Amino acid sequence: MINAKFTGNRKINIEAKGFNIPVDLAKTEGGDGSAPNPFTLLMAALLSCSAYHVLLLVERLGMNKEAFHVELEPGLDANGDMQKALIKVFVPADFPKEREAAMKASVMGCKVGRHLKAERTVEIIRG
């Protein structure tokens, strides 16, 4: 069970599996801007899920995880709806070329991404 409690102005505290997640709206939307808004949390969920899939593959390959990082570039339409999500995986120069397909497949296995309608693309960027 996940619960939402109203905590003042437009702030909400989400209680999920023993964790408290503060949520707020921007000042331009009547909030205080004290916490991420729901859409930012959605994008963060997609990015963190994708990054964990990268991490798991990197660990399996026995590589230095600090040499990798992941970014999300959302493609938003005129309404601000995410139609596309470009997930950029930055890998070290010596990352094996033959592992790129496995990396892309791993990221595409992200459960959060599988629940979104947005088209997802994974790009490998060598450092």
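Please refer to the structure higher up on the page.
To keep things clear, this report deals only with the structure shown in the data block. (Residues numbered from 1 in each chain as written. Predicted model: local features only at pLDDT ≥ 70, side-chain atom pairs only at ≥ 80, totals over all residues. Heavy atoms only, no water.)

1. Looking at the overall build of the protein
Helix and strand content of the protein: three helices and six strands. Reading the protein from its N terminus to its C terminus gives the helix and strand order β-β-β-α-β-β-α-α-β. The dimensions of the protein, computed from C-alpha atoms along their principal axes, are 50 × 35 × 25 Å. By the burial criterion, 28% of the 127 residues in the protein qualify as buried. Considering only residue pairs separated by 6 or more positions, the protein has 42% of its internal contacts joining residues 24 or more positions apart. About 8200 Å² of surface is accessible on the protein, with carbon and sulfur atoms providing 56% of the total. Charge-centre separation for the protein: the mean point of 17 positive side chains lies 5 Å from the mean point of 15 negative side chains. (Helix = DSSP H or I, 4+ residues; strand = E, 2+ residues; numbered from the N terminus. Buried < 20%, exposed > 50% of the residue type's maximum accessible area, 1.4 Å probe, protein only. Contact = heavy atoms within 4.5 Å. Areas by Shrake-Rupley, 256 points an atom, 1.4 Å probe, with all protein chains shown as cover. Lys, Arg positive; Asp, Glu negative; His and termini not counted. Charge placed at Lys NZ, Arg CZ, Asp CG, Glu CD.)

2. Digging into the side chain of Arg 120
In this structure, Arg 120 sits in strand β6 (residues 119-126). The side chain of Arg 120 sits in the buried core without any salt bridge; Glu 119 is the nearest counter-charge, 9.8 Å away. In this structure the side chain of Arg 120 is engaged in a polar contact, spanning 3.4 Å, whose partner is the backbone oxygen of Gly 113. (Salt bridge = Lys/Arg side-chain N within 4 Å of Asp/Glu carboxyl O. Polar contact = N/O pair within 3.5 Å; in protein donor to acceptor, adjacent residues only side chain to side chain.)

3. Notes on helix α1 (residues 38-61)
Its 24 residues place the ends of α1 35 Å apart at the C-alpha level, agreeing with the 34 Å of an ideal helix rising 1.5 Å per residue. Along α1, the positions that sit buried rather than exposed are Met 43, Leu 46, Cys 49, Ser 50, Val 54, Leu 57 and Val 58. Looking at the buried side of α1, the elements it contacts are β4 (69-76), β5 (82-91), α2 (100-108), α3 (111-114) and β6. Two or three places before Phe 39, at the start of α1, stands the capping residue Asn 37, its side-chain oxygen 3.0 Å from that residue's backbone nitrogen. Phi for Gly 62, located one or two positions after α1, is positive at around 70°. (Expected span 1.5 Å × (residues − 1).)

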